[in-house]
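Chain by chain, the residues run as shown.
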Amino acid sequence: DCSTKLGTPIVEYTEQELGLVASLSLSCFLFIAAVGFFNIISAVFLERIMAYLATKLLDGQRERLHDKELWHERLTRFIDIQIQLNNSTKTPGAEPLTLIQRKRGQLGYKWLTQMSHDSLAKRTFSKELLDLSVEYDWEAKKILADLDIEPQDCLSLSQTLDRNQNGRIDVTELVTGLSRLRG
């Protein structure tokens, strides 16, 4: 309560007893103190909230990075998408990638499960097709985001993955490259 024992506001009392300059000085001091303390309290509160949020986000990312099941599931689906797109473009009269996406609505891992381990190990994908799928295919984008691969890394993904620079990316290059880009 900012008043005297008789109920006179302290600013008014200061003006009566000490003059206008003292009253204005007291008013400015009270205003600055109140606003300053409020700002400090607000800043500390917001800083703690932001630190907590950053910690929770890092914990979630760390958990996803250590989740082997998530890694295997998303990687398998990504390879299956690449096989489907690669097989679709090899057929005579193949349609552009935008139309292939609608045709490709294949659920599960039909393409991948039909391959032997040796044929999968020998499988290669063109850099151009990989770039197009990462750029236009919503499911491929989501898979890479789920694997915590940064969007800016996806812009030159085929160059990053093609370690021997032969224009083709084999499954081993794909797996090792994506595992290096995570997080």
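Structure first, text after, so check above.
A. Up close: the overall build of the protein chain. Along its length, the protein chain carries 11 helices and 2 strands. Its helices and strands in sequence order give the protein chain the pattern α-α-α-α-α-α-β-α-α-α-α-β-α, from N to C terminus. Within the span of the protein chain, comprising 183 residues, buried residues form 30% of the whole. Considering only contacts in the protein chain between residues 6 or more positions apart, those separated by 24 or more positions represent 70%. Carbon and sulfur atoms make up 61% of the accessible area of the protein chain, which totals about 12200 Å².

B. Molecular detail of helix H11 (residues 171–181). Buried within H11 we find Val-171, Glu-173, Leu-174, Gly-177, Leu-178 and Leu-181. One face of H11 carries all of its buried residues, which in axial projection span an arc of 155°. If you check the start of H11, you find a side-chain oxygen 3.1 Å away from the backbone N of Thr-172, and it comes from Asp-170.

C. Layout of the nonpolar core. The biggest cluster of nonpolar side chains holds 26 residues, and the ones touching the most others in it are Phe-78, Ile-79, Leu-144, Leu-157, Leu-174 and Leu-178. At the level of elements, helix H3 (68–90), helix H7 (127–136), helix H8 (138–146), helix H10 (157–161) and H11 are the ones that each hand at least two residues to this core. The element that contributes the greatest number of residues to this core is H3, accounting for 7 residues. Non-local contacts of Leu-144, meaning those with residues more than four positions away in its chain, are made with Phe-78, Val-134, Ile-149, Cys-154, Leu-157 and Leu-178.

D. The arrangement of the packing of helix H1 (residues 10–18) against helix H2 (residues 20–65) in detail. H2 packs onto H1 with a crossing angle of 150° between their chain directions and a minimal axis gap of 7 Å. Classified by the interaxial angle, the pair formed by H1 and H2 is roughly antiparallel. The handedness of the crossing between H1 and H2 is right-handed. Listed contacts from H2 to Ile-10, Val-11, Thr-14, Glu-15 and Leu-18 of H1 are Leu-20, Ala-22, Ser-23, Leu-26, Ser-27 and Leu-30. Across the contact of H1 with H2, the residue classes break down as 7 nonpolar, 3 polar and 1 charged.

E. Representation of the packing of H7 against H8 in the model. Two numbers describe how H7 lies on H8: the axes approach to 5 Å, and their chain directions differ by 85°. Compared by their axis directions, H7 and H8 come out roughly perpendicular. Contact residues: H7 offers Ser-133, Val-134, Glu-135 and Tyr-136, while H8 offers Trp-138, Ala-140, Lys-141 and Leu-144. For the contact of H7 with H8, the residue count by class is 5 nonpolar, 1 polar and 2 charged.

F. Geometry of unusual backbone geometry. With a phi angle near 60°, Asp-148 is a residue other than glycine that sits in the positive phi range. When you line up the elements, Asp-148 lands in the loop between H8 and helix H9 (151–154). Residues other than glycine seldom take positive phi values, yet Gln-165 does so here, at roughly 55°. What makes Gln-165 exposed here is its relative accessible area of 52%.

G. Structural context of the environment of Arg-168. Mapped onto the fold, Arg-168 is located in strand E2 (residues 168–170). In sequence terms Arg-168 and Arg-123 are 45 residues apart; their C-alpha atoms lie 9.6 Å from each other. Not counting chain neighbours up to four residues away, the residues in contact with Arg-168 comprise Asn-86, Thr-124, Phe-125, Ser-126, Lys-127, Asp-162 and Glu-173. Separated by 3.0 Å, the side chains of Arg-168 and Thr-124 make a polar contact.

H. View of the pattern of salt bridges. All told, the structure shown has 8 salt bridges when counted by the stated rule. Residues Arg-74 and Glu-73 are paired through a salt bridge, measuring 2.8 Å at the closest nitrogen-oxygen approach. Since its relative accessible area comes to 38%, Glu-73 is described here as partly exposed. Three or more residues are tied together by salt bridges with common partners; here these are Glu-73, Arg-74, Lys-142 and Asp-146.

Rules and cut-offs
- Residues numbered from 1 in each chain as written.
- Predicted model: local features only at pLDDT ≥ 70, side-chain atom pairs only at ≥ 80, totals over all residues.
- Heavy atoms only, no water.
- Helix = DSSP H or I, 4+ residues; strand = E, 2+ residues; numbered from the N terminus.
- Buried < 20%, exposed > 50% of the residue type's maximum accessible area, 1.4 Å probe, protein only.
- Contact = heavy atoms within 4.5 Å.
- Areas by Shrake-Rupley, 256 points an atom, 1.4 Å probe, with all protein chains shown as cover.
- Arc of directions from axis to C-beta.
- Polar contact = N/O pair within 3.5 Å; in protein donor to acceptor, adjacent residues only side chain to side chain.
- Core = buried A, V, L, I, M, F, W, Y, C linked by side-chain atoms within 4.5 Å.
- Axes fitted to C-alpha atoms, helices over the stretch in contact; angles between N-to-C directions.
- Parallel < 35°, antiparallel > 145°, perpendicular 65-115°, else oblique.
- Left-handed = near helix turned anticlockwise from the far one by under 90°.
- Nonpolar A, V, L, I, M, F, W, Y, C, P; charged D, E, K, R; others polar.
- Salt bridge = Lys/Arg side-chain N within 4 Å of Asp/Glu carboxyl O.

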